[in-house]
Each structure stands twice: as structure tokens, then as C-alpha cells.
Amino acid sequence: MTEPASLQSVLEQLAEAEKQRAEPRLTSRQRRARTVARLAAVQALYQMELAGEGVETVITEFSNHRFDADIEGEPLAEADESWFAEIVRGVVGAQRDIDGAIRARLASNWRLERLDSTLRALLRAGAWELRARQEVPREIVIDEYVELAKAFFDDAEAKFVNAALDGVARDARAS
């Protein structure tokens, strides 16, 4: 894992990647709000795993303190809070199935528990979205989480996220 990027640089990287694709039926402001919600969901899932906090506690914390506050000088107020909460609750509620879907796409000698916590959070959020939000194009979901992976990791991990989520998508959706 590389040194974590600043929130500002992560948001800039995601905004640049967003220019390359567009989620249908959404304005650019709505797409941006979903991107920020996905980033926050990964952060929340990571926090839950490390601190052992419950889903509603973390969602409330983000709603009350993070979305209306500056983090590294960048407000998260533009996040789609309902999308964020849906991802976090969805991952927690279906974690056994989601983990099974991810495990099915790992090499036989890899265990999900061996992966970095941030990488697990990325994969879980992406897998949940691919499985539960079929109206969102698979390319959008995969691209968003690959770009998030690039913000936290080297290229190898981003490629790993791409391959794993592509496999989950093939299992969950018709091409």
C-alpha cells in the first residue's frame, strides 16, 4: 500500500476519471455526489472493521460530523448521503454473500482475510453495488472503485480490484 493520498487529491483524481465516463440519467452534480458517497462508504467500512463500530453508529457519525465538516480543507457535504448509507447498510447486511462472491474470484491460494482492510472495503462496496444496484452500469461501478483503489494503492492493486469486480459482475449480471 502506498502512502494515502490527501482527500483533495483523491477527489481531484476521481473528478478527472469521471470526465471519461458518465452515469446515465444523472446530472454531473449527482454523479459527483455518488462518487463522494462511494469514497465515504469505503472509509466507513474501513473504520467499522478497525474500530468495531456498528453500522448505524458510523452512518450517524458521517451524517452528523463528516458530511457537513471540512476534512483536509475539503467538505464532504456534496455526498449523496442516502447512497452512502445504502452502500454501508447493504454491505453489512449481505456481507456473508458478498464475501463469498469475492472469494469466488480470488486465486485459490488467497484468502479475503489476507487482503488489506482498505482493499476489502473497496471490494465489498463494489461487489454490493454490482449485485444490488443492477440499474447502475457495471462499467461505472467497476471504474469508480478502480479509481478509488488508485488513490490508495499502487497500480497492481487497482488492476486486482478491476479483475475481481469484473468477475463478480460476470457472476451477478448478464453481459
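Everything numeric in this text was worked out from a predicted model, so none of it was measured.

Draft legend 1. Fine view of the overall build of the chain. Across its full length, the chain holds eight helices and two strands. The long-range fraction of contacts in the chain, counting pairs at least 24 apart against all pairs at least 6 apart in sequence, stands at 70%. Carbon and sulfur atoms make up 46% of the accessible area of the chain, which totals about 8500 Å².

Draft legend 2. Fine view of the nonpolar core. Grouped together as the largest cluster of nonpolar side chains are 53 residues, with contacts concentrated most on Phe84, Val88 and Tyr145. For this core, the secondary-structure elements that each account for two or more residues are α2 (28-51), α3 (55-66), α4 (81-93), α5 (95-103), α6 (117-132), α7 (138-152) and α8 (155-172). With residues up to four places along the chain from it excluded, the contact list for Phe84 reads Ala37, Ala40, Ala41, Ala44, Ile59, Phe62 and Phe67.

Draft legend 3. Local environment of α2. Given a rise of 1.5 Å per residue, 24 residues ought to cover 34 Å, and the 34 Å separating the end C-alpha atoms of α2 matches this to within 8%. Two residues or fewer past α2, Gly52 is found with a positive phi of approximately 70 degrees.

Draft legend 4. Just the pattern of salt bridges, in detail. Taken as a whole and judged by the stated rule, the model has 15 salt bridges. Arg105 is the partner of Asp171 in a salt bridge, and the nearest nitrogen-oxygen pair spans 2.7 Å. Placement of Asp171 in helix α8 and of Arg105 in the loop between α5 and α6 is noted, with a sequence separation of 66 residues between them. Taking relative accessible area as the criterion, Asp171 reaches 49% and is therefore assigned partly exposed. Overlapping salt bridges, with partners in common, bring together Glu49, Asp99, Arg120 and Arg124 in one network.

Draft legend 5. Main features of the environment of Arg103. In this structure, Arg103 sits in helix α5. Taking C-alpha positions, Arg103 is 9.1 Å from Ala164, a pair spaced 61 residues apart along the chain. Contacts of Arg103, omitting those with residues within four sequence positions, involve Leu112 and Glu113.

Draft legend 6. Spotlight on the side chain of Gln47. Locating Gln47 in the fold gives a position in helix α2. For Gln47, the contacting residues outside a window of four places in its chain are Gly52, Glu53, Val58, Glu61, Phe62 and Arg66.

Draft legend 7. Fine view of the packing of α6 against α7. α7 packs onto α6 with a crossing angle of 170 degrees between their chain directions and a minimal axis gap of 10 Å. Of the possible angle classes, the one that applies to α6 and α7 is roughly antiparallel. Across the interface between the two elements, Thr118, Leu122, Ala125, Gly126, Glu129 and Leu130 of α6 pack against Arg138, Val141, Ile142, Tyr145, Leu148, Ala149 and Phe152 of α7. Taken together, the residues of the contact of α6 with α7 break down into nine nonpolar, two polar and two charged.

Draft legend 8. Geometry of α5. Where α5 is concerned, the buried positions are Ile98, Asp99, Ala101 and Ile102. Down the axis of α5, the sector holding all buried residues measures 160 degrees, keeping them to one side. Residues of α5 that are buried sit in contact with α4, α6 and α8.

Draft legend 9. Spotlight on the packing of aromatic side chains. Summed over the entire model, instances satisfying the criterion amount to one aromatic pair. A cation over a ring is seen here: Arg34 above Trp83, with NZ or CZ 3.6 Å from the ring centre.

Draft legend 10. View of the side chain of Glu129. Note that Glu129 resides in helix α6. For Glu129, a relative accessible area of 0% translates into the label buried. Leave out the neighbours within four places in its chain, and Glu129 touches Arg38, Trp83, Ile87, Gln134, Val136, Val141, Tyr145 and Arg173.

Draft legend 11. View of the environment of Leu130. Take Leu130: it is sitting in helix α6. Along the backbone, Leu130 and Ile142 are twelve residues apart, and their C-alpha atoms lie at a distance of 8.2 Å. If we ignore the near neighbours within four places in the chain, the residues touching Leu130 are Arg138, Val141, Ile142, Leu165, Val168, Ala169, Ala172 and Arg173.

Basis of the calculations
- Residues numbered from 1 in each chain as written.
- Predicted model: local features only at pLDDT ≥ 70, side-chain atom pairs only at ≥ 80, totals over all residues.
- Heavy atoms only, no water.
- Helix = DSSP H or I, 4+ residues; strand = E, 2+ residues; numbered from the N terminus.
- Contact = heavy atoms within 4.5 Å.
- Areas by Shrake-Rupley, 256 points an atom, 1.4 Å probe, with all protein chains shown as cover.
- Core = buried A, V, L, I, M, F, W, Y, C linked by side-chain atoms within 4.5 Å.
- Buried < 20%, exposed > 50% of the residue type's maximum accessible area, 1.4 Å probe, protein only.
- Expected span 1.5 Å × (residues − 1).
- Salt bridge = Lys/Arg side-chain N within 4 Å of Asp/Glu carboxyl O.
- Axes fitted to C-alpha atoms, helices over the stretch in contact; angles between N-to-C directions.
- Parallel < 35°, antiparallel > 145°, perpendicular 65-115°, else oblique.
- Nonpolar A, V, L, I, M, F, W, Y, C, P; charged D, E, K, R; others polar.
- Arc of directions from axis to C-beta.
- Phe/Tyr/Trp six-rings, centres within 6.5 Å; stacked < 30°, edge-to-face > 60°.
- Lys NZ or Arg CZ within 6 Å of the ring centre and 35° of its normal.

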